[in-house]
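Here are the chains, one letter per residue:
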Amino acid sequence: MTDEPLLRVSALSKSYGSRVGCDNVTFDLWPGEVLAVVGESGSGKTTLLNCLSTRLLPSSGTASYRMRDGHFRELYRMSEAERRFLMRTDWGFVHQNPADGLRMTVSAGANVGERLMAVGDRHYGKIRATAVDWLSRVEIEEDRIDDEPRAFSGGMRQRLQIARNLVTGPRLVFMDEPTGGLDVSVQARLLDLLRGLVTDLGLAAIVVTHDLAVARLLSQRMMVMKDGRVVESGLTDRVLDDPRAPYTQLLVSSILQV
Amino acid sequence: MTDIATYNFAYLDEQTKRMIRRAILKGIAIPGYQVPFASREMPMPYGWGTGGVQVTASIIGPDDVLKVIDQGADDTTNAVSIRAFFRKVANVAVTTDTASATIIQTRHRIPEHPLAAGQVLVYQVPIPEPLRFLEPRETETRKMHALEEYGLMHVKLYEDIARHGRIATTYAYPVKVEGRYVMDPSPTPKFDNPKMNHSPALQLFGAGREKRIYALPPFTEVVSLDFEDHPFEVQTFDQPCALCAAKNVYLDEVILDDHGDHMFVCSDTDYCEKRRGDGHRGHLAPETDLAPETHSAPGNMEPAQ
Amino acid sequence: MPTPLVVSNVAKSFTMHLRDGIKLPVVADVSFSIRAGECTVLGGPSGAGKSSILKMLYGNYAVDEGQIIVTHDGGLIDLATAGPRTVLAVRRQTIGYVSQFLRTVPRVSALDVVAEPLVERGEERESARSKARDLLARLNLPEKLWALPPATFSGGEQQRVNIARGFITGHPILLLDEPTASLDAKNRDVVIELIAAKKASDVALLGIFHDQDVREAVADRVIDVTAFAPGKIAA
Ligand SMILES: Nc1ncnc2c1ncn2[C@@H]1O[C@H](COP(=O)(O)OP(=O)(O)OP(=O)(O)O)[C@@H](O)[C@H]1O
Ligand SMILES: [Mg+2]
Ligand SMILES: [Zn+2]
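A short tour of the structure in this document, coming up. Just so you know, these numbers come straight off a predicted model, no measurement behind them.

## Let's talk about the site of ligand 1
Here is step 1: The environment of ligand 1 is formed by 14 residues, the closest being S46(C), K50(C), S51(C), S52(C) and Y61(C).
Here is step 2: One finds residues of chains A and C in close proximity to ligand 1.
Here is step 3: One of the backbone N or O atoms of A48(C) is found 3.3 Å from an oxygen atom in ligand 1.
Here is step 4: Note that an oxygen atom of ligand 1 is positioned 2.8 Å from one of the backbone N or O atoms of G49(C).
Here is step 5: Going through the elements one at a time, β1 (5-16), β2 (22-34) and α1 (50-57) of chain C are the ones with two or more residues in the shell around ligand 1.
Here is step 6: The element that contributes the greatest number of residues to the shell around ligand 1 is α1(C), accounting for 3 residues.
Here is step 7: Among the residues making up the shell around ligand 1, the classes are represented as 7 nonpolar, 5 polar and 2 charged.

Encoded structure:
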């Protein structure tokens, strides 16, 4: 365990004109830690996630990331080339809608292999073997490797998206409602899979969800957002079992049991 | 008949030619990079090589000797009409002889006869963007070129191998230029890819509808993309040209009759005719093949009018 | 005897924002310490705040006032103010907890639920599983259940999985919230033995035991939680 965070976020704000996306968000994320960001729709979760993953530039504030060489780099001062490189090697991004994160018209194997090829792997046999391995880790049968994700169910697509993201051994994964839009039973399977992968690989992750059960199951720490602000944060079970902020109490009370 | 004097030399006005030349120069300066240009309407439909025609029109001078081929042949309607066009609007000499041409405009082939320093090969390009296959957004493909994000090209080759057990792409086979830009060599057969590498000739590519020009200056490194365990290979033919017995050239299949009889002959008609003129005979060559006076070197040259 | 955990002047209340912000005081001036090799029992009627105290010690409930000093990783840490990462490290290394109910995770087998805390502490999965098997066998959980996720188990079966999960590690402090509540006599006796073994290996236990027999069998000391009722003046 290192004594330095992987990501340091300080006073991050993003406004869309007069509308607030996220306001003054500050936190650190350590290696291997899963942080859930919860709140109802429109509370700024996705804005925050997009700023952190540099898909969106914040209006103000800073975020620095500890690179593999141990040095912190200010994300919003990196060149686009560096950021994109980071995004396809050291980071992953799991979209709520798998179609946004997959290439729907190329095979499952190529979807998984793309990142490898992007970082210069040029051995077909090895790329394919790695793809087979990752498909099995996300519980997709090997004989589906040449099928296009168009032929997959929603849950399979989402698992494929996860494999595609994890194949380069990222240290940080962003997830936007990873189980949204899936049936409850499919959700459970996906969550369990994610939980296992995150633990086995020691991934740090920031998971945006409005589902407190997802937060409970996946994360150690939680941030509750309302109107772009963080109204409460702390250990996930502490926030869920002893919610302090009025809004958190409302969130927790409005679901049956998590 | 229209009077030649009513056309500007080589049809395009001087402003336009200057603009296109600037694009060409930029392309030469950044080998493999697609330079946008303001493509003009030409008196022929898109798909008939308007990009190549504009490039040729911008570089051609009164002393040039022009050859035009369409899939290797000098005598298709397309090749004939482009050749006629330049004879008319630029009053230049035209030829079918590869060696004596100074400018060769081509659709889908590189001549078999090795090109020499001083020659210019102008390609007609339908779709210049090699990444288009997987990434429809132009803003994104431009960024990918800028940032050298070429993983997608290998995704395409990966798919080939996954589906067919080998790289099945046989034409428009992507290349990397000087270790930097990935480029679509236009729909030439991959057989011709090695000819692009370190060619002494200047190679210019014009895409009219897509408004792009790109270039390979002489002696540029052009490497076909591949995998370590599936290396790039050119097509091989298990028999020589049926007419001139040439080996190691690109052959077209010609259907002979309704019974499915066919033969393989040089796609480069000038090359084939030359060889036959020199006495080479393939197994299906008629005994009295070609009259030597029309097909002996230096080919059928029509001087400027 | 070393003192691994000292609680001083801890207070806890809940503010119910959804009910006009009424404040529900639970305990105040909670002060006690527990000792290695002993089982300290929290006593008092239902609603007195016993579970709340355990939850504060585990970092599961926030603390309004006071200190919870725990010996962790060669130093002293105040859990009342510690950040999430520290609390997690304390849970991993120093304080174990057997809750009243098992929180099941979909698709994880009973065996892995039990082995997980050991794996988290860096033990090889196979050796952790083998220890988990021993414990589940000892708690008489039928072997055919081990590979199944506990979600469908009976209350008593789930509780035995929960107990095994809590007892499998060598945490120096172990908190027990009614671990025997839904167990039959035979398994209650196993838990009593397990507690005795923990004491013998110098673990400091703090527990809530509804069952009089169990309490008498394991308790070295009973702390009456009613003494911490809010409004009372501390002695
Ligand atoms: N998360 C919570 N939010 C609001 N009130 C709570 C919460 N947890 C406990 N309480 C309240 O705090 C008081 C003490 O509860 P606690 O569970 O600590 O009692 P206990 O002594 O363990 O009781 P029992 O013997 O019945 O288990 C009760 O009034 C309870 O309703
Ligand atoms: Mg209780
Ligand atoms: Zn021939």
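## Considering the pairing of strand β8 (residues 204-208) of chain A
Residues and elements named next belong to chain A.
Here is step 1: Within β8, 5 of the 5 residues are buried, which leaves the element mostly enclosed by the surrounding structure.
Here is step 2: Neither face of β8 is open: one carries A204, I206 and V208, the other A205 and V207, and all of them are buried.
Here is step 3: Direction of pairing for strand β3 (residues 34-38) relative to β8: parallel, over a ladder of 4 bridges. Each bridged residue has a counterpart across the sheet, and for L35 the counterpart in β8 is I206.
Here is step 4: Pairing geometry for strand β7 (residues 172-176) and β8, over 5 bridges, is parallel. Along β8, the bridge assignment pairs D176 with V208.
Here is step 5: In this region the chain leaves β7, passes through helix α7 (residues 184-201) and returns to the parallel neighbour β8; the handedness of that crossover is right-handed.

## Things to note about the interface of chain A and chain C
Accessible area lost upon the coming together of the parts is a frequently used measure of interface size.
Here is step 1: The interface of chain A with chain C comprises 27 residues on the first partner and 25 residues on the second.
Here is step 2: Buried area between chain A and chain C, summed over both chains or domains, comes out near 2200 Å², and the portion from carbon and sulfur atoms is 51%.
Here is step 3: Counting across the chain A and chain C interface gives 7 salt bridges.
Here is step 4: A salt bridge links R195(A) to E116(C); the shortest N-O distance between them is 3.2 Å.
Here is step 5: Counting across the chain A and chain C interface gives 12 residue pairs in polar contact (both at pLDDT 80 or more).
Here is step 6: Looking at the side of chain A that touches chain C, the elements that each hand over two or more residues are α7, α8 (212-218), β10 (229-235), α9 (236-241) and α10 (246-253) of chain A.
Here is step 7: The element that contributes the greatest number of residues to the side of chain A that touches chain C is α7(A), accounting for 5 residues.
Here is step 8: Taken together, the residues of the side of chain A that touches chain C break down into 9 nonpolar, 5 polar and 13 charged.

## A closer look at the nonpolar core
Here is step 1: Within the largest apolar cluster, 127 residues are counted, with the highest numbers of intra-cluster contacts made by F86(B), Y158(B), V161(C) and I195(C).
Here is step 2: Per-element accounting of this core gives the leading share, 7 residues, to helix α5 (residues 151-164) of chain B.
Here is step 3: Aside from chain neighbours lying at most four places away, what touches Y158(B) is S107(A), G109(A), A110(A), M117(A), Y124(A), I127(A), R128(A), I145(A) and F227(B).
Here is step 4: By size, the runner-up hydrophobic cluster in this structure holds 37 residues, among which are L42(C), I53(C), Y58(C) and L88(C).

Conventions we followed
- Residues numbered from 1 in each chain as written.
- Chains lettered and ligands numbered in written order.
- Predicted model: local features only at pLDDT ≥ 70, side-chain atom pairs only at ≥ 80, totals over all residues.
- Heavy atoms only, no water.
- Near = heavy atom within 4 Å.
- Polar contact = N/O pair within 3.5 Å; in protein donor to acceptor, adjacent residues only side chain to side chain.
- Helix = DSSP H or I, 4+ residues; strand = E, 2+ residues; numbered from the N terminus.
- Nonpolar A, V, L, I, M, F, W, Y, C, P; charged D, E, K, R; others polar.
- Buried < 20%, exposed > 50% of the residue type's maximum accessible area, 1.4 Å probe, protein only.
- Pairing = 2+ DSSP bridges.
- Right-handed = clockwise from strand over helix to strand, strands pointing away.
- Contact = heavy atoms within 4.5 Å.
- Buried area = accessible area lost by both parts, 1.4 Å probe.
- Salt bridge = Lys/Arg side-chain N within 4 Å of Asp/Glu carboxyl O.
- Core = buried A, V, L, I, M, F, W, Y, C linked by side-chain atoms within 4.5 Å.

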